[in-house]
Amino acid sequence: MTSSDSDVALMLRVREGDTDALRELIERHQRTVINTIHRAIGDASEAEDLTQRVFVQVYRSAKRYKPTAKFTTWLFTITRNTILNEHRRRSRHPSESLDALQEPRDSESAGWQLPDTTMRDPAQEAVERELRERIKEAVRELPEPQRTAVILCRYEGLSYEEIAEVLGCSVSATKSLLHRARLALKDKLRGYC
Amino acid sequence: MSCQTVREQFDHRLDGRLSGHEQAAFEVHLAGCADCRREWEAYASAWQVLARDEGIEPSFGFAERTLRRLNEPRVDIRQWWWRPSIRWATLATTVVALAVTARVGHERMLNKRHAELYARVQQGEYLEDYDVIANLDQLKGGNHE
Ligand SMILES: [Zn+2]
């Protein structure tokens, strides 16, 4: 295997049960998936668990993957379905965290917040931390599918066309979702930027 | 260019989808319109500030732990609907549904026969009032056909 293998080539190997190819795909896309989930649900440890489920699902659904589809679009679709399932589960069992349903996991398995090496002044750090919290909250508070549209556009750089495909709607509907989300963010983040 | 046109272009400007000419007209309008400039600054900066959330990193050994989960039992729909309580409820619902279907079918058949009889009464084939013969089919051996 070479690092230049395309996602599609790796996926074709995963379809044949090749777990080395899956490992390569995980290493390429784990950060994208975990952050997409983390931004939607807000809990780093649950985001990591759900990210693992996404890749397990990629493996199990590999036979249904068609090489004509862009791999990341397919991956984001599974990711979004996983997030929606989690929201449904939470609304059915509001008091249960996902952790309560799991086997105890390794202590190293929680997601890591990136250390910020640029800040040293504690007051400035506190302001920055509050800003980040407010940003996460503002994104999380957006209704679906505006939230997914924002995450895929702002953080993952997907085009309108790719977002439309993940959301299963038209490009014009995607543009309208993004516009409404941006208006909402403008209000939510007023005074923070 | 009107204020409304400019505001409708906010998204295309943010996503780099304006042509050179459109962008120039956009900037000219903003330079001369304080309201649109204020709106644009708030709109654009709320979008740009999102980048300050740099995200998280998966923890060490993430890929290996994921691979170890490949053989976990599937949590799929069969596991909950195949529970005994759900299974019995499904069976009971099916029996009731079949009974209702059979009953509706029987009533439809009776109505059809009544209609046929009524037509024949209308044609003088029977002398009795329809009310009298209406329930004949429900009587044992009451069917003259
Ligand atoms: Zn204006």
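See the structure shown above.
The rules behind the values
Residues numbered from 1 in each chain as written. Chains lettered and ligands numbered in written order. Predicted model: local features only at pLDDT ≥ 70, side-chain atom pairs only at ≥ 80, totals over all residues. Heavy atoms only, no water. Helix = DSSP H or I, 4+ residues; strand = E, 2+ residues; numbered from the N terminus. Buried < 20%, exposed > 50% of the residue type's maximum accessible area, 1.4 Å probe, protein only. Areas by Shrake-Rupley, 256 points an atom, 1.4 Å probe, with all protein chains shown as cover. Contact = heavy atoms within 4.5 Å. Buried area = accessible area lost by both parts, 1.4 Å probe. Salt bridge = Lys/Arg side-chain N within 4 Å of Asp/Glu carboxyl O. Donors = N, O, S within 2.8 Å, 3.2 Å for Na, K, Ca; no water. Tetrahedral: all angles 85-135°; square planar, octahedral: opposite > 155°, others 65-115°. Arc of directions from axis to C-beta. Core = buried A, V, L, I, M, F, W, Y, C linked by side-chain atoms within 4.5 Å. Phe/Tyr/Trp six-rings, centres within 6.5 Å; stacked < 30°, edge-to-face > 60°. Lys NZ or Arg CZ within 6 Å of the ring centre and 35° of its normal. Polar contact = N/O pair within 3.5 Å; in protein donor to acceptor, adjacent residues only side chain to side chain.

**Digging into the overall build of chain B**
- From N to C terminus, chain B includes 8 helices and 1 strand.
- Reading chain B from its N end, one meets helices and strands in the order α-α-α-α-β-α-α-α-α.
- For chain B, the residues scored as buried account for 28% of the 145 residues in total.
- For chain B, the accessible surface area stands at approximately 10100 Å², while carbon and sulfur atoms represent 56% of it.

**Topic: the interface of chain A and chain B**
- Contacts between the two partners involve 53 residues from chain A, matched on the other side by 36 residues from chain B.
- Regarding the contact of chain A and chain B, the summed buried area is about 4300 Å², with carbon and sulfur atoms giving 57% of it.
- Three residues, Arg60, Arg154 and Arg182 of chain A, lead the burial of chain A against chain B; their summed loss comes to 17% of the area buried on that side.
- For the pair chain A and chain B, the number of links is 12 salt bridges.

**Structural notes on the coordination of the zinc ion**
Residue and element names in this part refer to chain B.
- On the protein side, the zinc ion has Cys3 (SG), His29 (NE2), Cys33 (SG) and Cys36 (SG) as donor atoms, found 2.1 to 2.3 Å from it.
- Taken together, the 4 donor atoms coordinating the zinc ion and their angles of 106 to 112° define a geometry best described as tetrahedral.
- One chain supplies every donor for the zinc ion, spaced along it as C-x25-H-x3-C-x2-C.
- On the accessibility criterion, His29 (14% relative accessible area) is buried.
- Assessed through its relative accessible area of 13%, Cys33 is described here as buried.

**Considerations on the pattern of salt bridges**
- On inspection of all chains with the given rule, the structure shows 32 salt bridges over all chains.
- Glu46 of chain A is paired through a salt bridge with Arg90 of chain A; the nearest N and O atoms lie 2.4 Å apart. Here Arg90 of chain A lies in helix H4 (residues 71-92) and Glu46 of chain A lies in helix H3 (residues 44-60), a separation of 44 residues in the sequence.
- The class of Glu46 of chain A is buried, set by a relative accessible area of 3%.
- For the salt bridge of Arg182 of chain A with Asp11 of chain B, the shortest nitrogen-to-oxygen distance reads 2.6 Å. You can see Arg182 of chain A sitting in helix H9 (residues 171-188) and its partner Asp11 of chain B sitting in helix H2 (residues 10-14), one on each of two chains.

**Thoughts on helix H1 (residues 7-15) of chain A**
Residues and elements named next belong to chain A.
- All of the buried residues in H1 are Asp7, Leu10, Met11 and Val14. Seen along its axis, H1 keeps its buried residues to an arc of 100°; they face one direction.
- For H1, the secondary structure elements touched by its buried residues are helix H2 (19-41), H3 and H4.

**What to know about the nonpolar core**
- Membership of the largest hydrophobic core comes to 67 residues, with the highest contact counts inside it found for Met11, Val58 and Leu185 of chain A together with Leu50 of chain B.
- Other than its neighbours up to four places away in sequence, Leu185 of chain A contacts Ala138, Val139, Leu142 and Val150 of chain A together with Ala46, Trp47 and Leu50 of chain B.

**Considerations on the packing of aromatic side chains**
- In total, this model carries 7 aromatic pairs over all chains according to the counting rule given.
- Taken together, a centroid distance of 5.1 Å and an interplanar angle of 65° make the contact between Tyr65 of chain A and Trp74 of chain A edge-to-face.
- Relative accessible area serves as the criterion here: at 17%, Trp74 of chain A is assigned to the buried category.
- With a centroid separation of 6.4 Å and 40° between ring planes, the pair formed by Phe71 of chain A and Trp74 of chain A is classed as tilted. Here Trp74 of chain A and Phe71 of chain A lie together in helix H4, a separation of 3 residues that amounts to about one turn.
- A relative accessible area of 2% means that Phe71 of chain A is categorised as buried.
- Through a chain of ring-to-ring contacts, three or more aromatic side chains come together here, namely Phe10, Phe26, Trp40 and Tyr43 of chain B.
- The positively charged end of Arg39 of chain A is found above the aromatic ring belonging to Tyr155 of chain A, 3.6 Å away from the centroid.
- Geometry around Trp47 of chain B places Arg182 of chain A over its ring, the cationic atom sitting 4.1 Å from the centre.

**As for the environment of Glu144 of chain A**
Residue and element names in this part refer to chain A.
- Within the secondary structure layout, Glu144 lies in the loop between helix H6 (122-141) and helix H7 (146-155).
- Expressed as a C-alpha distance, the spacing of Glu144 and Leu84, which sit 60 residues apart in the sequence, is 8.9 Å.
- Excluding its chain neighbours within four sequence positions, the residues that come into contact with Glu144 are Arg80 and Leu84.
- A polar side-chain atom of Glu144 sits 3.0 Å from a polar atom in the side chain of Arg80.
- Among the polar contacts listed, one links the side chain of Glu144 to the side chain of Thr148, at a separation of 2.4 Å.

**With respect to helix H8 (residues 160-167) of chain A**
- Along H8 of chain A, 6 of the 8 residues are buried, which leaves the element largely enclosed by surrounding structure.
- All of the buried residues along H8 of chain A are Tyr160, Glu162, Ile163, Ala164, Val166 and Leu167 of chain A.
- For H8 of chain A, the secondary structure elements touched by its buried residues are H4, H7 and H9 of chain A together with H2 of chain B.
- Gly168 of chain A lies just past H8 of chain A and shows a positive phi near 70°.

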